[in-house]
Amino acid sequence: MTKYIPVAVGGLSLLMAAGLAFPALAQVGGAAVTIENCGRTLEFDEAPERIVSIGQGTTEILLSLGLADRIAGTATWVSDLPGELAEAGANLPRIAENTPGFEAVVGTRPDMVAVQWINDIGPEQGRVGTFAQFEDFGIPVYVSPAECAKSEFGAASGDGARSEAWSSDLLYREVAELADIGGVPSEGEALIADSREREAAAARDAEALAAEEISVVYWFSSPEIDGEAWLAGGYGAPQWISNVIGLRNVVDSHEEWPLVGWETIADHDPDVIVLGTMKRRNQPADNVALKREFLETDPLTSQMTAVHDGRLVELDAHAMNPTLRAIDGVARLAEAISALGLTR
Amino acid sequence: MSYPRRRFPLGWFLLLAGAALLAAGSAAISIGDVRIPLPAILKVLGRQIFGLDLTVDPIREGIVWHYRLSRAVVAAAAGGALALCGCVLQALLRNPLAEPYLLGIAAGASTGAVMVIILGVGAGAVSLTLGAFGGAAAAFGLVALLATGTGGGTERIILAGIAGSQLFNAATSFIVTTSASAEQTRGIMFWLLGSLGGIRWPDAGLAVPVVLICGLLCLRRARALDAFAFGEDAAAALGIETGKVRVELFAITAFLTAAMVSLIGAVGFVGLVVPHATRFLVGPGHERLIPATVLAGAVFMVGADVLSRTVVPGQVLPIGVVTALFGAPAFVAILWRSRRTS
Amino acid sequence: MTLAARDVSWSAGGRRILNGVSVTAPAGGVLGLVGPNGSGKSSLLRLLGGLRRPDAGDVLLDGRPVSRVRRAELARRLAFVEQHSATEMQLRVRDVVSLGRTPHRGAWGGWTPADEAAVAAALETTGMTGRAGQSWSTLSGGERQRVQVARALAQEPREILLDEPTNHLDIRHQLELLDLLRSLRTTCVIALHDLDHAAAFCDCIAVLDRGRLVTQGLPAGTLTPGLIRDVFAVEATQRYDRHGTLRIDFTVAPPPARHRSLQAHCRSKPEDDRRSGSDSRQETYGHLS
């Protein structure tokens with residue numbers, strides 16, 4: 001099933017992630033910053049001035065690093081920016097709300113493209129383009145290490161698969177690398193330290209929850225409101241959140257967002273259903289109100305314990321992706337679950 | 001393929017097809033993502049159908065009764081309806097390849113349904129069906145116009161149908177991909193290949209009466225359909241009010257197609273495979289053919305649904321893919337035979 | 001008087017096809033409609049059968065306008081046999097003949113002994129009883145035409161309208177069919193190409209030319225050399241054969257001088273003979289139709 005090259009790439013980046021929390025950057029060929037990214041070597045003689053960021057997760061990291069004035073264009077938005085970034089990101093140029101076109105991206109004359117999803121720009125194909133297409137224009141493409149670490153880039157349901165579980169280390173590596181590329185390494189260190197602290201605090205707060213096993217599913221959206229649902233697999237960010245809090249994600253698929261039928265979900269009858277909230281209206285079940293309405297009116301799902309007992313928890317869908325918000329997601333989810341009174 | 005001299009007695013056919021429907025239906029409610037043991041299934045059926053006081057896990061009951069059985073019932077109704085449409089259209093148009101999907105009627109119905117959703121006219125399955133009916137009628141008109149405008153003939157109808165399908169499918173794709181409210185329109189694949197994914201009992205409440213009533217209305221015109229065998233003038237000379245019958249039956253097939261498209265999307269080839277196979281067994285007389293075709297269509301569709309859920313483990317194929325797998329070869333076979341006889 | 005057209009006119013596609021035509025079918029007899037191609041024979045038949053409605057004038061059945069008779073009632077009374085019958089359905093001979101019972105059966109009515117008797121009689125009359133189980137698609141052109149006549153007879157009509165029924169038949173089947181029609185006690189209106197057949201088999205002849213009725217009357221009085229010259233632009237003579245039947249002979253131009261030498265070529269080689277023979281037959285056929 002697994003393709004040879006992605007495994008090698010994933011293995012390599014995981015090795016780096018595990019061994020080098022702050023990757024030592026080799027100084028080769030006189031370039032100021034050299035970074036291994038998705039099996040390629042990116043060299044930056046000077047910090048890019050016009051960055052196009054495709055994917056809200058990447059955009060938020062750049063904003064958090066104080067690089068707002070370097071962003072020449074953004075795309076693939078899911079939600080509003082969180083309060084602390086709202087001001088910094090108020091006037092970001094948006095190329096597209098969803099997937100941008102190749103020419104629209106190149107047309108902004110970027111000196112770097114940072115992309116959150118390898119499905120958008122990848123080694124062989126992408127909705128926007130391929131690495132080679134951008135290299136032809138001399139534009140380096142930086143891909144989130146969380147994506148490079150996937151064992152499959154475009155599995156059955158389109159979001160790829162992981163053989164190794166995601167953890168915040170991959171996120172911190174991305175923060176450190178983007179900070180180095182942007183020439184603001186100290187900002188990066190500060191952001192990582194802050195995030196680690198919040199992560200640890202949330203884990204401490206959640207300790208009480210771990211006393212009892214709580215099973216959970218994370219519902220991002222569905223291609224058809226009363227059809228199968230995209231649920232978080234067993235190796236992505238929601239799994240990591242579950243591990244930190246001590247929840248049991250009933251889905252153990254290697255796929256990042258497998259399509260699961262409600263028959264199966266109802267049969268597992270999880271204690272809690274986490275519903276993704278987002279501003280995006282791309283898929284039929286993006287709206288959380290529709291998710292709730294379906295669960296409560298459908299003859300089968302209304303029989304599920306979680307629906308019956310009102311244990312539906314809303315969580316920013318963005319926190320279910322491997323982004324900075326996943327860190328906040330730990331605290332938010334732990335809080336919401338303890339509010340349900342499932343703990344003693 | 002030469003037709004057998006002796007025909008299958010209708011009673012036997014209906015009995016066997018009924019048994020096959022029961023078997024396919026049993027498979028449909030036993031097979032799924034979740035393994036549910038037979039006793040549990042029987043308990044659910046006993047409780048729901050005969051009101052027996054049995055204790056059943058409500059989740060299992062939900063799966064078997066609300067998901068699987070309603071899905072099987074709608075599949076059966078849709079199969080019967082689409083097969084009936086094919087049977088009637090083949091007789092009226094005197095074209096062995098006539099079928100709602102190939103004539104572009106299903107594509108038109110899809111466009112009509114999507115437009116109703118986007119324009120937000122009314123709500124629920126009924127207005128969706130009416131919108132689909134408008135689209136189906138428009139597709140009928142377009143095909144008729146194209147076919148007669150280009151000089152008539154049986155091949156022209158099919159060519160006109162292809163043009164119509166392409167046009168309406170493009171319109172549907174355009175509307176779905178450009179619409180801002182994706183949450184209401186369902187995916188484009190639904191409208192192009194069909195899906196039984198979101199079926200619940202209220203859908204069955206629409207599908208079953210529609211197919212039964214339309215089936216009876218068509219059966220009332222069985223003699224007329226027989227009389228169309230040698231063309232419109234020949235039918236008129238046999239005392240058939242051809243204009244009236246034509247309009248009535250076209251309206252019924254458009255409505256049937258529209259109702260099914262609004263429930264399960266555009267599923268092709270059912271109206272091609274089933275009537276031909278049934279005609280082969282029970283003969284061309286519509287009095288026998290109509291009930292036999294409806295029942296055989298039901299068996300075919302429920303079987304196709306079971307296949308679509310079992311062929312690739314852990315994955316559901318679009319139902320239209322399965323029906324096309326059977327339909328395309330049938331299409332070729334019919335083409336081949338018509339070449340030989342003409 | 002059973003069936004008559006009174007001063008009917010009819011247009012199609014902006015072209016006047018029939019112009020003030022009046023004909024009367026003799027009760028129990030055979031009316032032959034003759035005329036060159038495009039003279040309006042088929043159209044007149046369709047008006048008489050109520051399949052088209054005249055723009056002006058009336059078609060009367062027992063003095064009643066056909067347009068006021070319900071279709072099913074009309075079909076119980078009057079049958080129509082088209083020039084060419086084709087179907088995509090896989091029907092047996094019996095199925096086709098049974099179609100004739102359609103106007104006699106209600107929407108939900110079953111198959112009655114009367115239906116069965118009518119079908120059996122029709123098959124018997126047309127000599128198709130032994131073929132009842134055979135598939136329609138395997139029949140020859142002549143057999144198909146006979147089955148269509150059987151279907152018409154199964155309607156138990158008092159009038160049968162036939163549009164060039166002998167068109168694709170070989171000579172034996174042409175004569176047999178016309179003989180069969182003449183032997184029935186039913187009123188027949190037949191559009192015919194062959195003037196000789198019309199003269200021999202019809203009780204009454206109506207001659208059409210360019211949408212107008214030229215004349216109607218007994219064969220001897222209508223198919224005169226003068227009329228044939230005027231309408232068909234050929235020379236012909238009348239004679240009576242040894243049974244006293246009226247026949248029409250056409251005057252053919254004498255053969256060219258090289259005719260004899262060409263005939264000599266016919267007997268060259270056997271295989272050539274066969275090939276050229278079949279070719280010329282096809283040519284003749286194409287010419288006639």
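Residues numbered from 1 in each chain as written. Chains lettered and ligands numbered in written order. Predicted model: local features only at pLDDT ≥ 70, side-chain atom pairs only at ≥ 80, totals over all residues. Heavy atoms only, no water.

## Comments concerning the pairing of strand 4 (residues 71-75) of chain A
Residues and elements named next belong to chain A. Which entries qualify depends on this criterion: The rule is simple: take the accessible area with a 1.4 Å probe, protein chains only, and divide by the maximum for that residue type; under 20% is buried, over 50% is exposed, in between is partly exposed. Only DSSP runs of H or I with at least four residues qualify as helices, and only runs of E with at least two residues qualify as strands; both kinds are numbered from the N terminus onward. Pairing between two strands is assigned when DSSP locates at least 2 bridges connecting them. A clockwise course of the path from the first strand over the helix to the second, judged with the strands pointing away from the viewer, identifies a crossover as right-handed.
Counting buried residues along strand 4, five of its five residues qualify, which places the element largely inside the surrounding structure. Pairing analysis gives four bridges linking strand 3 (residues 51-54) to strand 4, with the strands arranged parallel. Bridge assignment links Ile51 to a residue of strand 4, and that residue is Ile71. After leaving strand 3, the chain enters helix 2 (residues 56-64) and then returns to the sheet as strand 4, a path that is right-handed.

## Focus: the interface of chain B and chain C
Quick note on the threshold: It only takes one pair of heavy atoms within 4.5 Å for two residues to be counted as in contact. Each of two parts loses accessible area, computed with a 1.4 Å probe, when they are put together; buried area is these two losses added. A carboxyl oxygen of Asp or Glu within 4 Å of a side-chain nitrogen of Lys or Arg is what we treat as a salt bridge. Contacts described as polar in this section are N or O atom pairs within 3.5 Å, which, within protein, must combine one atom able to donate a hydrogen with one able to accept it, while residues neighboring in sequence count only if both atoms come from side chains. Just so you know the grouping, Ala, Val, Leu, Ile, Met, Phe, Trp, Tyr, Cys and Pro go in nonpolar, Asp, Glu, Lys and Arg go in charged, and all remaining residues, Gly too, go in polar.
Across the boundary between the two partners, chain B contributes 27 residues, which contact 35 residues of chain C. In total, chain B and chain C occlude about 2,700 Å² of area from one another, counting both sides; carbon and sulfur atoms represent 58% of this. Contact with chain C buries area across many residues of chain B, yet B:Arg223, B:Phe230 and B:Leu238 alone supply 29% of it, more than any other trio. Summed over the shared surface of chain B and chain C, the result is three salt bridges. Taking the shortest distance from any N to any O, the salt bridge between C:Arg105 and B:Glu287 comes out at 3.7 Å. Between chain B and chain C we count five residue pairs in polar contact (both at pLDDT 80 or more) in total. Put simply, the parts of the chain that give the side of chain B that touches chain C at least two residues each are helix 3 (58-93), helix 9 (201-220), helix 10 (222-227) and helix 11 (232-237) of chain B. At four residues, the largest contribution of residues to the side of chain B that touches chain C is made by helix 11 of chain B. The residue makeup of the side of chain B that touches chain C, split by class, is 14 nonpolar, two polar and 11 charged.

## Things to note about the packing of aromatic side chains
Let me state the cut-off plainly: Pairing of aromatic rings covers Phe, Tyr and Trp, the last through its six-membered ring, and needs centres within 6.5 Å; plane angles under 30 degrees mean stacked, over 60 mean edge-to-face, and all others mean tilted. We call a charge positioned above a ring when the Lys NZ or Arg CZ atom is no farther than 6 Å from the ring centre and deviates by at most 35 degrees from the ring normal.
Overall, the coordinates contain 13 aromatic pairs over all chains when judged by the stated rule. Pairing A:Phe102 with A:Phe137 gives two aromatic rings, centres 5.8 Å apart and planes at 65°, and the pair type is edge-to-face. Of this pair, A:Phe102 sits in helix 4 (residues 102-107) while A:Phe137 sits in the loop between helix 5 (131-136) and strand 8 (141-143), placing them 35 residues apart in sequence. Seen in terms of ring centroids, B:Phe300 and B:Phe326 are 5.9 Å apart; in terms of plane orientation they differ by 80°. Their pairing is edge-to-face. Of the two residues, B:Phe300 sits in helix 14 (residues 286-310) while B:Phe326 sits in helix 15 (residues 319-341), which places them 26 residues apart along the sequence. Members of the aromatic cluster, joined through ring pairs, are A:Phe102, A:Phe134 and A:Phe137. The ring of A:Phe131 carries A:Arg40 above its face, with NZ or CZ at 3.6 Å from the centroid.

## Side note on the sheet that holds strand 9 (residues 204-209) of chain C
Residues and elements named next belong to chain C. Short version of the rule: Fitted lines through C-alpha atoms give the axes, limited to the stretch in contact for helices. The angle between two N-to-C directions lies from 0 to 180 degrees.
Taking strand neighbours across the sheet as the criterion, the six strands line up as 6-7-8-3-9-10 in an open arrangement whose pairing is mixed. A single partner strand is all that each edge strand has here, and the edge strands are strand 6 (78-81) and strand 10 (212-217). Direction aside, the axes of adjacent strands within the sheet are offset by 15° on average. Of the strand pairs in this sheet, strand 7 (residues 159-163) and strand 8 (residues 187-191) are connected by five bridges, and their pairing is parallel. Across the sheet, Glu159 pairs through a bridge with Thr187, a residue of strand 8.

## Quick notes on the pairing of strand 2 (residues 15-24) of chain C
Residues and elements named next belong to chain C. Bridge count for strand 1 (residues 3-12) against strand 2 is six bridges, and the pairing is antiparallel. Residue Trp10 lies in a different strand from strand 2, and its bridge partner there is Leu18. Between strand 1 and strand 2, which follow one another and run antiparallel, lie two residues, and Gly13 among them has a positive phi close to 55°.

## Digging into the confidence of the model for chain A
Test applied: The pLDDT value tells you how sure the predictor is about a given residue, anywhere from 0 up to 100.
For chain A, per-residue confidence averages 86 on the pLDDT scale, and residues scoring 70 or more make up 88% of the total. Note that pLDDT drops below 50 for residues 1-30 of chain A; the model gives that stretch 40 contacts with residues more than four away or on any other chain.

## Section: the interface of chain A and chain B
It is common to give the size of an interface as the accessible area lost on bringing the parts into contact. With 24 residues of chain A at the contact, the number on the chain B side is 21 residues. At the boundary of chain A with chain B, total buried surface from both sides reaches about 1,800 Å², with 53% on carbon and sulfur atoms. Put simply, chain A and chain B have two salt bridges between them. Among the ionic pairs, B:Arg68 bridges to A:Glu263, the shortest N-O distance being 2.7 Å. The interface formed by chain A and chain B includes four residue pairs in polar contact (both at pLDDT 80 or more). If you list the elements that add at least two residues to the side of chain A that touches chain B, you get helix 10 (262-268) and helix 11 (288-297) of chain A. Element by element, the count of residues in the side of chain A that touches chain B is highest for helix 10 of chain A, at five residues. For the side of chain A that touches chain B, a count of residues per class yields nine nonpolar, seven polar and eight charged.

## Brief notes about the nonpolar core
Condition: To define a nonpolar core, start from buried Ala, Val, Leu, Ile, Met, Phe, Trp, Tyr and Cys residues and group those joined through side-chain atoms within 4.5 Å.
Core analysis: the biggest nonpolar cluster contains 151 residues, and B:Ile264, B:Met301, C:Val34, C:Val97, C:Ile160 and C:Leu223 have the highest contact counts within it. Take this core: its biggest share by element is 17 residues, from helix 3 of chain B. Dropping the residues within four chain positions of it, C:Val97 is found in contact with C:Val119, C:Ala122, C:Leu123, C:Val147, C:Ala150, C:Arg151 and C:Ala154. A:Leu62, A:Val175, A:Val274 and A:Ile337 belong to the second-largest nonpolar core, a separate cluster that totals 64 residues.

## A closer look at the sheet that holds strand 2 of chain C
All names here are of chain C. Overall, antiparallel pairing links the four strands, which are arranged 2-1-4-5 in an open sheet. Here the strands that pair on one side only, and so sit at the sheet edges, are strand 2 and strand 5 (64-65). As judged from the five bridges shared by strand 1 and strand 4 (residues 56-61), these two strands associate in the antiparallel manner. Bridge assignment links Ala5 to a residue of strand 4, and that residue is Val59. Running over the sheet, helix 1 (residues 41-48) touches strand 1, strand 2 and strand 4 and is turned about 120° from strand 1.

## Re the side chain of C:Ser98
Residue and element names in this part refer to chain C. Its location among the elements puts Ser98 in helix 3 (residues 93-98). Since its relative accessible area comes to 17%, Ser98 is described here as buried. Not counting residues within four places of it along the chain, the set of residues in contact with Ser98 comprises Trp111 and Val119.

## Describing the state of the cysteines
Threshold: Any two cysteine sulfur atoms lying within 2.5 Å of each other are counted as a disulfide.
Evaluated as defined, the whole model comprises one disulfide over all chains. Free of any disulfide, C:Cys188 has its nearest cysteine sulfur in C:Cys202, 9.2 Å distant.

## Section: helix 9 (residues 237-245) of chain A
Residues and elements named next belong to chain A. In terms of burial, helix 9 is a largely internal element, seven of the nine residues being buried. Listed in full, the buried residues belonging to helix 9 are Ala237, Pro238, Gln239, Trp240, Ile241, Ser242 and Ile245. Those residues of helix 9 hidden inside the fold are in contact with helix 7 (168-181), helix 8 (185-205), strand 9 (214-221), strand 11 (247-249) and helix 13 (324-339). Gly246 occupies a position one or two residues after helix 9 and carries a positive phi of about 95°.

## Describing the environment of C:Leu91
All names here are of chain C. When you line up the elements, Leu91 lands in the loop between strand 6 and helix 3. Judged by relative accessible area, Leu91 falls into the buried class, the value being 9%. Note: C-alpha distance between Leu91 and Ser137 (46 residues apart in sequence) is 7.6 Å.

## Topic: the confidence of the model for chain C
A residue-level look at chain C finds 92% of positions with pLDDT of 70 or above and a mean pLDDT of 88. Between residues 276-289 of chain C, whose pLDDT stays under 50, and residues either more than four places distant or in other chains, the model counts one contact.

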